[in-house]
Amino acid sequence: EYGDPSSVLKCHSYEINEPNENEIIIKNLACPINPSDINQIQGVYPSKPKLTTDLGTKDPSAVCGNEAVFEIVKIGKSISENDFKIGDWVLPANVNFGTWRSFAVSSPSDLLKIPNDKISVNQAATIAVNPSSAYQMLTFYQNLQPGDWFIQNGGNSQVGKAAIQIGKKLGLNSISIVRDRPDLDSLKDELYKLGATKVITEEENASKQFGSTIKEWLNGKSITLALNCIGGSNCSNMVRKLGKDAILLTYGGMSMKPVSLPTSLFIFKDLTAKGFWITENIKKFPGSRPETIVKVLKLMESGDIIDSEYSSITIDPLN
């Protein structure tokens, strides 16, 4: 049910028999925990799975999780092996699939098949949200060309790292804002190895004096796209670096503070501020989910997006 995760999450066991002729049985290989998954459990996320008793629970309930990679273990007799076969890796084709489970029964239309020979399980399990969000933000909203600049906060987040790598492949220059920390040099080195053009701290982002340094980097060009996942003063300081006809895309608000923007940017630079939600883009741009996954998959297969490090755990649901 919806509420505090520590109170409402429960473990439930159920049995899956042989698939019907048009069904596929899939085994979970890996599923991440995304902050939006927690918001969904809390009931504050706009997209919610329907509560049902289909899995034999006493009270209506839903399986959590929106991301995962599964392996096909059984297929119905009416399904062609040209489409799906045992051993294939598949992703949920839509949101609210309920990925936090060991096995599931699905119809073919609810699955997307992906190659399993050139990417890792981690990459497959996380391809549909973070790197896909980065790809869409860099390509759907502003006609950026090789040599153009974008700026982002949360530069060391998974979306931020993906944006750096995708931007490098597209020939874009990036400025990534990160929090100051004792191991700042090590973090900067990591982001530069991924392809970051420049990495600055929040203090440098807030400094008026540092603005002249950024102008030197731009060498006459302007920044026309900003990616915001923080909000608050961090975002306000970031957008001051934007040029004419720039776009601010907000896809998160980790500071829990509102987005506050200078009026002068709207009047004199014609700033456009938009929200980004990849789930909504599935409706807004039909076919965008599989098309984006294919684009990102090629970048992963070619090594342009490297595997990220994740803390992984194995859960025995019966203990």
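This report concerns the structure included in the present document. The structure displayed is predicted, hence computed values, not measured ones.

The rules behind these values
- For every chain, the first residue of the written sequence is number 1, and numbering continues from 1 onward in sequence order.
- Thresholds applied to this predicted model are a pLDDT of at least 70 for local features of residues and 80 or more for the giving and counting of side-chain atom pairs; totals over whole chains, interfaces and linings are not thresholded and use all residues.
- As a convention, hydrogens and water are excluded, and side-chain values are obtained from all of the structure's heavy atoms.
- Two aromatic rings, drawn from Phe, Tyr or Trp (for Trp, its six-membered ring), form a pair once their centres lie within 6.5 Å of each other, and the interplanar angle then sorts them: stacked below 30 degrees, edge-to-face above 60, tilted otherwise.
- Note on conventions: DSSP H or I runs of at least 4 residues are helices, E runs of at least 2 residues are strands, and numbering of each starts at the N terminus.
- Here the term buried applies to any residue with accessible area under 20% of the maximum for its type, exposed to any over 50%, and partly exposed to those in between, with areas from a 1.4 Å probe on protein chains only.
- Two strands are said to pair when DSSP picks up at least two bridges between them.
- Axis angles are defined between N-to-C directions and span 0 to 180 degrees, where every axis is a line fitted to C-alpha atoms and, for a helix, only to the segment in contact.
- Contacts are assigned to residue pairs that have any heavy atoms within 4.5 Å of one another.
- Salt bridges are defined as contacts in which a side-chain nitrogen from Lys or Arg sits within 4 Å of a carboxyl oxygen from Asp or Glu.

## Looking at the packing of aromatic side chains
What the rule picks out here adds up to five aromatic pairs. Ring geometry for Tyr141 versus Phe276: centroids 6.1 Å apart, planes at 80°, classification edge-to-face. Here the residue Tyr141 occupies a position in the loop between α4 (130–139) and β6 (149–152), and Phe276 occupies one in the loop between β11 (272–275) and α11 (278–284), the gap between them amounting to 135 residues. Pair check on accessibility: Tyr141 and Phe276 agree, each one buried. Centre to centre, the rings of Phe210 and Trp217 are 5.7 Å apart; their planes meet at 80°, and the pair counts as edge-to-face.

## Some words on the sheet that holds strand β3 (residues 89–92)
Adjacent strands of a sheet form backbone hydrogen bonds with each other and so pair up, either parallel or antiparallel. On the basis of which strands lie adjacent, the open sheet formed by five strands has the order β4-β1-β2-β3-β5 and antiparallel pairing. Each edge of the open sheet carries a strand with a single partner, namely β4 (103–106) and β5 (111–114). Averaged over all neighbouring strand pairs, the angle between strand axes comes to 45°, with direction disregarded. Bridge count for strand β2 (residues 69–75) against β3 is two bridges, and the pairing is antiparallel. When the sheet's bridge partners are listed, Phe70 is paired in β3 with Val90.

## Quick look at the side chain of Thr224
With respect to the secondary-structure elements, Thr224 resides in strand β9 (residues 223–228). Look at Thr224 and you get buried, because its relative accessible area is 16%.

## Side note on unusual backbone geometry
Trans peptide bonds make up most of the peptide bonds, and negative phi angles are found at most residues other than glycine. One non-glycine residue, Asp245, lies in positive phi territory at about 60°. Turning to its location among the elements, Asp245 is positioned in strand β10 (residues 242–250). One non-glycine residue, Asp270, lies in the positive phi region at around 55°. Here Asp270 is to be found in the loop between α10 (263–268) and β11.

## Comments concerning the environment of Leu184
Relative to the elements of secondary structure, Leu184 occurs in helix α6 (residues 184–194). Between the C-alpha atoms of Leu184 and Cys31, which are 153 residues apart in sequence, the distance is 30 Å.

## Observations concerning the environment of Ile119
Mapped onto the fold, Ile119 is located in the loop between β5 and α3 (121–126). Between the alpha carbons of Ile119 and Lys298 there is a distance of 9.6 Å; along the sequence they are 179 residues apart. Setting aside its immediate chain neighbours within four residues, Ile119 contacts Trp89, Ile114, Ala124, Leu297, Met300 and Glu301.

## A closer look at the sheet that holds β11
The six strands lie next to each other as β8-β7-β6-β9-β10-β11, forming an open sheet whose pairing is parallel. The open sheet is flanked by β8 (198–201) and β11, the only strands paired with a single partner. Averaged over all adjacent pairs, the angle separating strand axes in this sheet is 20°, with direction ignored. Here β6 pairs with strand β7 (residues 173–178) via four bridges, running parallel. By the bridge assignment for β7, Phe150 is matched with Ser174. On top of the sheet, α4 reaches β6, β9 and β10; it is set at about 155° to β9, its chief contact. Lying on the sheet, helix α9 (residues 232–239) is in contact with β6, β7, β9 and β10; it crosses β10 at an angle near 155°.

## With respect to the environment of Ile33
Position of Ile33 among the secondary structure elements: in the loop between β1 (24–30) and α2 (35–42). Relative accessible area serves as the criterion here: at 61%, Ile33 is assigned to the exposed category. In the structure, Ile33 is positioned 93 residues away from Thr126 in sequence and 9.6 Å away in space, judged by C-alpha atoms.

## Quick look at the pattern of salt bridges
For side chains bearing opposite charge, pairing can occur when the charged atoms are close. If you walk through the whole model with that rule in mind, you get seven salt bridges. A salt bridge links Lys85 to Asp88, with the shortest nitrogen-to-oxygen separation between them at 3.2 Å. A residue is classified by how much of its surface remains accessible, and Asp88, at 8% relative accessible area, is buried. Lys113 is paired through a salt bridge with Asp88; the nearest N and O atoms lie 3.9 Å apart. Highlighted residues: Lys113 in strand β5 and Asp88 in the loop between β2 and β3, separated in sequence by 25 residues.

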